[in-house]
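Close look at the chain arrangement
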Amino acid sequence: MNKNPNFQYVEKALIKILMNRFSAFLPQDDLRKIKECLSMLNFSYDLIEDTSLFELIEEGTGRFPSPLRSIFSQLSLSHEKPIPSYYAPMPLHEPFMTPSEVPPSLNTLENYWKTIAKEFSRFWSNCPDDAQVRISYFLYWADQWLSNIPVGSKKESVPLSVYIRLVASIASVIQKGEHLTLLMGDISGIQRYLFDISRIGGGSVAKLLRARSFSLGLIADAAAYDLLERLGLPVWNLVLSAGGVFYLLAPKGIDTFIEQWKKEINQHLYEKYHGTIVLHTSKTEVSLHQLENDFPSCLTNLFQQIRKSKSRSFEEIVIRDGKWNEDAFIHNVSTTEEFCKSCRRYPADAENEEKLCRYCQEDEKIGKLIPKTKYIVFHQKNGDISIFPNVSVSLIQAEEHIPTDSKLIVIINQHPIPKKEVPIQQRWMTNYIPTAPKGGCNHCKEQGLFTEEGIPLSFNCLASLAKGKERIAYLKADVDRLGMLFSFGLRNKDERGLYTLDEIMTLSRYLERFFAGHVNEMIEKKYRNIYTVFSGGDDLFLIGSWNEVIEFAKEIHQQFVTYVGGNTDVTLSAGIEIVRSRIPLPHATKMVEEQLELAKEKPSYNRKLEGRNQIAIRHKPVEWGDFEKILSEAERLGKWCLKGWISSSFLHKLHYFANMYQSLQKGQGSAFKLVPLLNDQIQRNITGTFENERQEIGNWFSQLLQIDVAEVRWKWAHMKLILEVAQLYREREEKDSYGNQNIS
């Protein structure tokens, strides 16, 4: 099928959107210059026949420019309306933007629109010749310049850049009031397959895990692009893709194409991943009016179809003519060859020294390329990663290496635009991985091993770089009640009680910017001993030196609260598991998932009813504010013990007193026993010639005797956790980032 989208019509719609606003917001001299620029390039923006699309792109245009309200300040799960917050009008150069309760002035907005007008004219004076490429460049330009201003007063929380992308997608498939197809795809089973790496050696897992996560994360986009290619539709018709779920817009009447495409995709997934990963789809025909005024019912219809599809996975493969296709249940895998030492799924390559299969060898190669990748290039064959028979991906470090047969160039984070006549997109991505420095890793040298510069550090190496005990930490975190926020959070915003597709696109885009773009920047700049398994959509999974992971967890929560403008209905929960580096990955993953579940379900100290908005560590859920205080107290005790100012045996005795305090709280003990015994131990153990430190330490422990004081009750309630974390700090002197010991 090839609909041959009328790209001239698409361009007319996009230019019309901006010209509507230029006409309302700009002085006549500035407006005249823009019109002269467009007339010299023979660009017209009249929409004569399609009144429905014209009405859509007039949405919210007023006499004066308005500020962009944060989509997070529109979200509410109660009857209380959140405090409005706004973004300053500026180009989008960083993924992290802080909203303010004070909106920008009208003068500031008008001046920014003048800047937009200049950049708009500059773009059209230097744009590509090919229409499809030019529109993709324009959408990229819109992301840079129109992401911090709204559609208008009626859509004050939708960035104009998101709206323009949606209109481009609609204009590509509908021109005269026709219906269009809204398709949803859901790639299921990715995490299950991702963590099925059997080999327990910390080195091998580290080399393969990020690459496997990266490759699996491309499946949804690759499947969507494959369908768009078959339909002859442009790449921007993929309107949303995150967390293995995607939405695209297509013409009506394409059921046969979708069924054939889905069958071929699932046949490939079934053969390669042995039934672990599957594509589910749903579709519905909608009008422009439904997209704007009845989108919740459209989405409900799609979700119901997906749920039904998940109960009948691979139906088109395992059932033939109404009967079981018994041949499909048997995978043709040789039982005489030695299996891959990592995945245990495929025969090992006889020529590979590590006895890895071809897929795990590909993962090793990808793991080396990811940290330096600037462009992800989709083409048909012979790339670094073969995803489907007709979809291949190459990871490119320099523009001159972009293949000539490229179909799409995805610009990672903020790398420069390549000068190629190929459609482009920009995506935020966590592609930082701790790698061996020049000269290799000191820990590996101590083991008699040589690690080449740029090779991903093993989990053993990351453990050796930790403060105190050689441990790594697993961290999983995600946004609480995200389904409710998407489904009901926007319902309180007006009298209609409805949300629209562009609002869902906006919320998804902001979450992606935080969990992919901002997390990557934080790790790359500050937490360089943290390994990203995945981070994007609304969640993250990280592994790293235990002390960096817990500090990162503390800061990422602080950053998230700022990012959502302090909205108490938009919260983050996390789980941390601290383990030895050689613990098998599937086992450690299950442990950290249990911690995250604990944070979401079990109320912490001083809570009575519910969890969420917490972090769980050592099987104890705590509120984020308490977590920060616990880390501070634990580091303090660890330092005192490391310096020899208090003994490790004294810390062990505090465990005993913590148990006594808990018994006391249950009415099973007596303060007359706890207080004198503790006081006796303090007098025995807080000794030495370090007078200043002794006074500080003495004051800290003496406060523990005042068990009726609220602050002291808090310490006793969290004492066991404080002591467990302190034990991690006290093991040895701190090392530098490459494993060299610092003796203070």
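This section reports on the structure supplied with the text. Remember, predicted model here, so these are calculated numbers, not experimental data.

**Here we look at helix H1 (residues 7-25)**
- Between its first and last C-alpha atoms H1 spans 27 Å; for 19 residues at 1.5 Å apiece the expected length is 27 Å, and the two agree.
- The element H1 is largely enclosed, with a buried count of 15 among its 19 residues.
- The N-capping residue of H1, defined by a side-chain oxygen 3.2 Å from the backbone nitrogen of Gln 8, is Asn 6.

**Regarding the pattern of salt bridges**
- Going through the model one piece at a time under the given rule, you end up with 28 salt bridges.
- Linking Lys 407 and Glu 229 is a salt bridge whose minimum nitrogen-to-oxygen distance equals 3.8 Å. Of the two residues, Lys 407 sits in the loop between strand E13 (391-396) and strand E14 (408-412) while Glu 229 sits in helix H9 (residues 219-231), which places them 178 residues apart along the sequence.
- Across the salt bridge formed by Arg 684 and Asp 680, the nearest N and O atoms sit 2.8 Å from each other. Pair noted here: Arg 684 and Asp 680 are both in helix H23 (residues 671-685), with a separation of four residues, about one helical turn.
- Residue classification places Arg 684 among the exposed residues on the basis of a relative accessible area of 57%.
- A relative accessible area of 34% places Asp 680 in the partly exposed class.

**Some remarks on the sheet that holds strand E7 (residues 245-251)**
- Across the sheet, which stays open at both edges, the four strands sit in the order E6-E7-E5-E8 with antiparallel pairing between neighbours. Each of the sheet's edge strands pairs with one partner strand only, and the pair in question is strand E6 (238-242) and strand E8 (278-286). Neighbour to neighbour, the strand axes of the sheet diverge by 20° on average, direction disregarded.
- Alignment of strand E5 (residues 180-188) against E8, held across nine bridges, turns out to be antiparallel. Residue pairing across strands places Asp 186 opposite His 280, the latter belonging to E8.

**A few points about empty space enclosed by the protein**
- In total, this model carries three cavities of 30 Å³ or more according to the counting rule given.
- Here the largest cavity defines a volume of roughly 460 Å³.
- Lining the largest cavity are 22 residues; nearest its centre among them are Arg 165, Gln 426, Arg 427, Arg 509 and Glu 512.
- Secondary structure elements with two or more residues in the lining of the largest cavity: helix H6 (160-171), E6, strand E15 (424-427) and helix H18 (501-525).
- The dominant element in the lining of the largest cavity, judged by the number of residues it contributes, is H18, at six residues.
- By volume, the second largest cavity amounts to about 170 Å³.

**Points about the nonpolar core**
- Residues Phe 22, Phe 72, Phe 552 and Phe 701 are the most contacted members of the largest nonpolar core, which totals 248 residues.
- Apart from residues lying up to four places away in sequence, Phe 72 is in contact with Tyr 87, Leu 507, Tyr 510, Leu 511, Tyr 563, Val 564, Asn 567 and Val 570.
- Ranked by size, the runner-up nonpolar core spans six residues in total, among them Tyr 270, Phe 314, Ile 317 and Ala 328.

**Some words on the pairing of strand E11 (residues 375-379)**
- Judged by how many residues are buried, E11 sits mostly within the fold: five of five residues are covered.
- Where burial is concerned, the two faces of E11 agree: the one with Tyr 375, Val 377 and His 379 and the one with Ile 376 and Phe 378 are both buried.
- Bridge count between E11 and E14: four bridges; the pairing is antiparallel. Residue pairing in the sheet places Val 377 in a bridge with Ile 409 of E14.
- The sheet contact formed by E11 and E13 spans five bridges and is antiparallel. Each residue of the ladder has a partner; that of Ile 376, found in E13, is Leu 395.

**Quick look at a nonpolar patch on the surface**
- A contiguous nonpolar patch, built from Ile 319, Trp 324, Phe 329 and Ile 330 and spanning about 460 Å² of accessible area, is present on the exposed surface.
- Tracing the sequence through the fold places Phe 329 in the loop between strand E10 (323-324) and helix H14 (358-369).

**Observations regarding the packing of aromatic side chains**
- Going through the model one piece at a time under the given rule, you end up with 40 aromatic pairs.
- Relative to Phe 138, the ring of Phe 120 has its centre 6.3 Å away and its plane inclined at 80°; by these criteria the two rings are edge-to-face. Here the residue Phe 120 occupies a position in helix H4 (residues 106-125), and Phe 138 occupies one in helix H5 (residues 131-145), the gap between them amounting to 18 residues.
- On the numbers, 5.5 Å between centres and 35° between planes, the contact of Trp 124 with Phe 138 is tilted. Here Phe 138 lies in helix H5 and Trp 124 lies in helix H4, a separation of 14 residues in the sequence.
- Under the relative-accessibility criterion, Trp 124 is labelled buried at 2%.
- Clustering of aromatic rings is evident, with ring pairs tying together Phe 22, Phe 25, Trp 113, Phe 120, Phe 123, Trp 124, Phe 138 and Trp 141.
- The aromatic ring of Trp 714 is capped on one face by Lys 629, whose charged end is 4.1 Å from the ring centroid.

**Quick look at the sheet that holds strand E17 (residues 530-536)**
- Pairing is mixed across the open sheet formed by six strands, whose spatial order is E17-E18-E16-E19-E20-E21. Taken across any chain shown, the strands that pair with only one partner, and hence form the sheet edges, are E17 and strand E21 (620-623). The average undirected angle you get between the axes of adjacent strands in this sheet is 15°.
- Bridge count between E17 and strand E18 (residues 539-545): six bridges; the pairing is antiparallel. If you follow Tyr 531 over to E18, its bridge partner there is Ile 543.
- Packed onto the sheet, H18 meets strand E16 (472-479), E17, E18 and strand E19 (572-579) and runs at close to 165° relative to E17.
- Helix H21 (residues 624-642) contacts E19, strand E20 (614-617) and E21 of the sheet and is inclined by roughly 105° relative to E21.

**A short note on the pairing of E5**
- A large share of E5 lies buried, amounting to nine of its nine residues.
- Of the two faces of E5, the one holding Leu 180, Leu 182, Met 184, Asp 186 and Ser 188 and the one holding Thr 181, Leu 183, Gly 185 and Ile 187 are both buried throughout.
- Note: E5 against E7, seven bridges, orientation antiparallel. Considered in E7, the bridge of Thr 181 is made with Ala 250.

**So, the layout of surface pockets**
- Taken as a whole, the largest pocket encloses approximately 1400 Å³ of empty space.
- What lines the largest pocket is a set of 48 residues, among which Ala 242, Gly 243, Gly 244, Val 245 and Gly 537 lie closest to the centre.
- Across the lining of the largest pocket, the residue classes break down as 25 nonpolar, 15 polar and eight charged.
- Empty space within the second largest pocket amounts to approximately 620 Å³.
- Tyr 432, Ile 433, Thr 435, Glu 524 and Arg 528 are, among the 32 residues lining the second largest pocket, the residues nearest its centre.
- Looking at the lining of the second largest pocket residue by residue, the class counts come to ten nonpolar, 13 polar and nine charged.

**Looking at the side chain of Ser 172**
- Its place among the elements puts Ser 172 in the loop between H6 and E5.
- A polar contact of 3.0 Å, which involves the side chain of Ser 172, links it to the side chain of Trp 236.
- Residues within four places of Ser 172 in sequence aside, it is in contact with Pro 5, Val 10, Leu 233, Pro 234, Trp 236 and Asn 237.

**What to know about the packing of helix H2 (residues 28-40) against H4**
- The contact between H2 and H4 brings their axes to 10 Å, and the two run at 15°. Classified by the angle their axes make, H2 and H4 are roughly parallel. Judged by the twist between their axes, the crossing of H2 over H4 is left-handed. Counting all contacts with H2, which are made through Asp 30, Ile 34, Cys 37 and Leu 38, the residues of H4 involved are Lys 114, Ala 117, Phe 120, Ser 121, Trp 124 and Ser 125.
- Taken together, the residues that form the contact of H2 with H4 break down as six nonpolar, two polar and two charged.

The rules behind the values
- Position numbers for residues start from 1 in each chain and track the written sequence from start to end.
- Residues qualify for local features only when their pLDDT is at least 70, as the model is predicted, and side-chain atom pairs are given and counted only at 80 or more; totals for whole chains, interfaces and linings, by contrast, use all residues.
- Hydrogens and water molecules were not included; the side-chain quantities draw on all heavy atoms of the structure.
- Numbering of helices and strands starts at the N terminus; helices are DSSP runs of H or I of at least 4 residues and strands are runs of E of at least 2.
- Multiply 1.5 Å by the residue count of a helix minus one, and that product is the helix's expected span.
- In this scheme, a residue with accessible area under 20% of its type's maximum is buried, one over 50% is exposed, and one in between is partly exposed, where area comes from a 1.4 Å probe on protein chains only.
- Under this definition, polar contacts are N or O atom pairs within 3.5 Å; protein pairs additionally need one hydrogen-donor-capable and one acceptor-capable atom, and for neighbouring residues in sequence, both atoms have to be side-chain atoms.
- For this analysis, a salt bridge means a side-chain nitrogen from Lys or Arg found within 4 Å of a carboxyl oxygen belonging to Asp or Glu.
- What makes two strands pair is DSSP finding at least two bridges between them.
- Under this scheme, a helix contributes an axis fitted over its contacting stretch, all axes are lines through C-alpha atoms, and angles between N-to-C directions fall in the 0 to 180 degree range.
- A pocket here means an open set of points on a 1 Å grid, computed over the protein atoms alone, that has protein on both sides within 12 Å along at least five of seven lines. A cavity is instead a set of points where a 1.4 Å probe fits but cannot get out; residues with an atom within 4 Å of a point line either one.
- Grid points are joined across faces, edges and corners, and a volume is the space filled by probe spheres set on the points.
- Here, nonpolar core means buried Ala, Val, Leu, Ile, Met, Phe, Trp, Tyr and Cys residues that are tied together by side-chain atoms lying within 4.5 Å of each other.
- Here a residue-residue contact requires only that any non-hydrogen atoms of the pair lie within 4.5 Å.
- Patches were defined on residues exceeding 30% relative accessible area and lacking a salt bridge, with like-charge contacts within 9 Å and nonpolar side-chain contacts (Val, Leu, Ile, Met, Phe, Trp, Tyr) within 5 Å.
- Every accessible area reported is derived by Shrake-Rupley at a probe size of 1.4 Å, with residue values counting cover from the shown protein chains alone.
- Pairing of aromatic rings covers Phe, Tyr and Trp, the last counted by its six-membered ring, and requires centre-to-centre distances within 6.5 Å; plane angles under 30 degrees mean stacked, over 60 mean edge-to-face, and any other angle means tilted.
- Charges are assigned to positions over rings by a cutoff of 6 Å between ring centre and Lys NZ or Arg CZ, combined with an angular limit of 35 degrees from the ring normal.
- Put simply, Ala, Val, Leu, Ile, Met, Phe, Trp, Tyr, Cys and Pro go in the nonpolar bin, Asp, Glu, Lys and Arg in the charged bin, and everything else, Gly too, in the polar bin.
- We call two directions roughly parallel when the angle between them is under 35 degrees, roughly antiparallel when it is over 145, roughly perpendicular when it lies between 65 and 115, and oblique otherwise.
- Two helices crossing with the near one rotated counterclockwise from the far one by less than a right angle form a left-handed crossing, whereas a clockwise rotation gives a right-handed crossing.

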